[in-house]
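Okay, here's what each chain looks like letter by letter:
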Amino acid sequence: MSKNIIILNGSPRKKGNTAALIQAFTQGAEHAGHRVTMFPLDAMEIHGCKGCFGGGKDPAHPCVQRDDMEKIYPAYRDADLVVLASPLYYWNFSGQLRTAFDRLFAVAECEPGYVNPKKEAVLLMAAEGYDFGDCLRYYDHLLQHLGWTDRGKILAGGNMEVGDIDGKAELEQAWRLGASLV
């Protein structure tokens, strides 16, 4: 069965190592017949969550703020799987990804008890180093609270410069992960 997949790309580099992971994953997923939509968060106007609890009154526009999250909300609601893609910044997701993800709370505000829509998730990360531990704990904890199902993680360390990931096993792993989704 074909899945509807969205990718929240938290990398500011259009042709960086995270972008290479996204491209490989996307090619594998499309090869398997899935639909993939990628949102380049750094190129979008997305403001930080105000913590106002003012959203949820209009499912067509779940947040009181009007910015490029309006493009993400409908795709997020329709998605079966959400890919969180980010370089490792200070042992966590990039600010771009954290900001957009925080804003998804407005969708939960549309439901009694702030129930989040149930999704599957994938984590794609590239980094200079190899210490993904703090970020993995956060990701696993996040999925637990949301009630989401992890479908896989590709963690590509040792990528100091743009293009360092070329030829590495993690690109093939990302392609296989995308192609293996059922």
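Described below are features of the structure shown in this document. Everything quoted here is computed from the prediction, not taken from an experiment.

Quick look at the nonpolar core
Point 1. By size, the foremost hydrophobic cluster in this structure holds 34 residues, and its most contacted members are Leu8, Leu41, Ile72 and Leu84.
Point 2. If you list the elements that add at least two residues to this core, you get β1 (4-9), α2 (69-78), β3 (81-87), α3 (95-103), α4 (105-108), β4 (120-126) and α5 (133-146).
Point 3. Residue contacts for Leu8: discarding those within four places in its chain leaves Phe39, Leu41, Ile72, Val82, Val83, Leu84, Ala85, Leu97, Phe101 and Leu104.
Point 4. Counting 22 residues, the second largest nonpolar core, distinct from the first, contains Ala20, Ala29, Ala85 and Leu181.

Things to note about the state of the cysteines
Point 1. Summed over all chains, the structure comprises zero disulfides.
Point 2. Of the cysteine sulfurs around Cys49, a residue in no disulfide, the closest is that of Cys52, at 6.6 Å.
Point 3. The thiol sulfur of Cys52 is not disulfide-bonded, and the nearest other cysteine sulfur, from Cys63, lies at 6.2 Å.
Point 4. According to the relative accessible area criterion, Cys52 is partly exposed, its value standing at 43%.

A short note on the pairing of β1
Point 1. Here β1 lies mainly inside the structure; six of its six residues are buried.
Point 2. Bridge analysis of β1 against strand β2 (residues 35-40) gives six bridges, and the strand direction is parallel. Across the sheet, the residue bridging to Ile5 is Val36, located in β2.
Point 3. Handedness of the β1-helix α1 (residues 17-31)-β2 crossover: right-handed.
Point 4. Note: β1 against β3, five bridges, orientation parallel. Paired with Ile6 across the two strands is Val82, which belongs to β3.

Some thoughts on a negative patch on the surface
Point 1. Residues Glu128, Glu161, Asp164 and Asp166 make up a contiguous surface patch of negative charge.
Point 2. With respect to the helices, strands and loops of the structure, Glu161 is situated in the loop between β5 (149-156) and α6 (169-180).

Remarks on the packing of aromatic side chains
Point 1. One pass over the full model with this rule turns up seven aromatic pairs.
Point 2. Arranged with centres 5.8 Å apart and planes meeting at 50 degrees, the rings of Phe53 and Tyr114 form a pair that is tilted. Residue Phe53 is found in the loop between β2 and α2, and its partner Tyr114 is found in the loop between α4 and β4; the two are separated by 61 residues along the sequence.
Point 3. Centre to centre, the rings of Phe101 and Trp148 are 5.8 Å apart; their planes meet at 70 degrees, and the pair counts as edge-to-face. One end of the pair, Phe101, is in helix α3; the other, Trp148, is in the loop between α5 and β5, and 47 residues separate them in sequence.
Point 4. Given the relative accessible area of 11%, Phe101 is considered buried.
Point 5. Pairwise contacts between aromatic rings join Phe53, Phe105 and Tyr114 into one cluster.
Point 6. Here the basic side chain of Lys119 rests over the ring of Tyr76, its NZ or CZ set 5.2 Å away from the ring centre.

Cut-off values and rules
- Residues numbered from 1 in each chain as written.
- Predicted model: local features only at pLDDT ≥ 70, side-chain atom pairs only at ≥ 80, totals over all residues.
- Heavy atoms only, no water.
- Core = buried A, V, L, I, M, F, W, Y, C linked by side-chain atoms within 4.5 Å.
- Buried < 20%, exposed > 50% of the residue type's maximum accessible area, 1.4 Å probe, protein only.
- Helix = DSSP H or I, 4+ residues; strand = E, 2+ residues; numbered from the N terminus.
- Contact = heavy atoms within 4.5 Å.
- Disulfide = S-S within 2.5 Å.
- Pairing = 2+ DSSP bridges.
- Right-handed = clockwise from strand over helix to strand, strands pointing away.
- Patch = residues over 30% accessible without salt bridge, like charges linked within 9 Å, V, L, I, M, F, W, Y side chains within 5 Å.
- Areas by Shrake-Rupley, 256 points an atom, 1.4 Å probe, with all protein chains shown as cover.
- Salt bridge = Lys/Arg side-chain N within 4 Å of Asp/Glu carboxyl O.
- Lys, Arg positive; Asp, Glu negative; His and termini not counted.
- Charge placed at Lys NZ, Arg CZ, Asp CG, Glu CD.
- Phe/Tyr/Trp six-rings, centres within 6.5 Å; stacked < 30°, edge-to-face > 60°.
- Lys NZ or Arg CZ within 6 Å of the ring centre and 35° of its normal.

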